Amino acid sequence: MPMTADQKRNDSTADDQMPSWREVFLYFLFLGFVNIGGPVAQITMMFNHMVEKRHWLSKDRFVKIMAFCHMLPGPEALQLAIYVGYLKRKVWGGVLAGLTFILPGAVVMIVLSWLYVKYGKLPQVTNALYVLKPAVLGIIAAGIIKLGRAAIRSFFLAVLLVGAFAGMRFAGINFLLILLIAGVLNLIVDRGWPLVKKTAPTLPAVVGGIALLLPFAGSRLFQVIWLFLKTGLLSFGGAYASLVFVQRGAVAEYHWLSDGQLLDGVALSVATPGPFMLFTAFVGYIASGVTGAVLATFFVFLPSFVFVMGGVHYVEKVRENRAVQAFLAGVSAAVVGVIAVVSLDLIPAALVNWPAIIIAAVAFVLIAFLKRDVALVAVAAIGGGVVYAVVRALA
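About the criteria used
Residues numbered from 1 in each chain as written. Predicted model: local features only at pLDDT ≥ 70, side-chain atom pairs only at ≥ 80, totals over all residues. Heavy atoms only, no water. Core = buried A, V, L, I, M, F, W, Y, C linked by side-chain atoms within 4.5 Å. Buried < 20%, exposed > 50% of the residue type's maximum accessible area, 1.4 Å probe, protein only. Helix = DSSP H or I, 4+ residues; strand = E, 2+ residues; numbered from the N terminus. Contact = heavy atoms within 4.5 Å. Salt bridge = Lys/Arg side-chain N within 4 Å of Asp/Glu carboxyl O.

A. View of the nonpolar core. Grouped together as the largest cluster of nonpolar side chains are 112 residues, with contacts concentrated most on Phe 28, Met 46, Met 50, Phe 228, Trp 256 and Val 283. With 15 residues, helix α5 (residues 76-119) is the largest single contributor of residues to this core. Those residues in contact with Phe 228 that lie beyond four places of it in its chain are Val 246, Trp 256, Thr 280, Val 283, Gly 284, Ala 296, Phe 299 and Val 300.

B. Structural detail: the environment of Thr 231. Mapped onto the elements, Thr 231 comes out in helix α11 (residues 220-234). Between the C-alpha atom of Thr 231 and that of Thr 280, which follows or precedes it by 49 residues, the distance is 9.5 Å. The residues contacting Thr 231, other than those within four sequence positions of it, are Ser 242, Phe 245, Val 246, Met 277 and Val 300.

C. Quick look at the pattern of salt bridges. Under the defined criterion, the tally for this structure stands at four salt bridges. For the salt bridge of Lys 133 with Asp 264, the shortest nitrogen-to-oxygen distance reads 3.2 Å. Of this pair, Lys 133 sits in helix α6 (residues 123-151) while Asp 264 sits in helix α13 (residues 259-270), and the two are 131 residues apart along the sequence. Residue classification places Asp 264 among the buried residues on the basis of a relative accessible area of 6%. The salt bridge involving Arg 322 is made with Asp 190; its shortest N-O contact spans 3.4 Å. Residue Arg 322 is found in helix α16 (residues 322-350), and its partner Asp 190 is found in helix α8 (residues 175-191); the two are separated by 132 residues along the sequence. Residue class for Arg 322 comes out partly exposed when judged on its relative accessible area of 48%.

Okay, structure coming up:
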């Protein structure tokens, strides 16, 4: 149904509204404390606040911004916060919005990481995580289904997803190479080989730039910086894609922690406010204490600030560029396949017996088929874990 003149006028007024610095700061700080439940729950909450209640944005503007953020690597909800902060208060507004969105959860995660290292082997903590870990695996599985539905828009993209899964799981191909190949293949299918040849000369320069950093690669702090910067730069497909980078780097390559400990960190992240990717603070803490946690948090989210505030003026151009869209569509399809591989690696640490399998299945069904809020499922799992720990302690 077409919009009336009054509706268009109201939409324009919402987009032009300029809240004060105090309003921007207090709103995003409030959001930083209550944004539990992952990206879908966070974006729904922000739509309700920004469009329906505060009238900072029109519905059309909100949808266009979200389309841009979905195209970027990294956490969409954080990028939306940065974008709106930038629109309303320019560069410092974007920085302020992003920082207040992250900081409360980051502080909580660092404190929880310290408590985990100090008391994580206590039976009470182990019992609480016994319920939460399989529930988190169910949440991740539901997220894979959701990503798959969004990414597979053609038969060829489905082939790329299956190929990515098989290449990583059975052939041991590096997942970054898989993502690059998938993007290029879909670009060739969609736009033709001549367009790809035009972009090829830039690759040696990128590889050469990375090679300059290799002499510093032996330092633990450098490894932390490089792993999480790479994660922030290349996590196409949203926050769940970051699991692939962290599991392959922190667990398989550097051996800072086990798959079970990584899942503990993801569980703690789901149970606290802030972007899902704050589990990287936990991994950074395990690797190098508070310094590692701070570096991991800073570098994993830094690309989001740069991409959003650098791309604000080019949103429509990028969204309408078919070559960029084709490459990213191929990458997004492959991302679903590699996330599935990493999820299989996490299964032994979470599904230790039949009750754990049932917990994971219930969480999956509630989210994937009954469309229950991720935040409510996470809170229920936290409550169940606490009750289970108390019962075991009293037994």
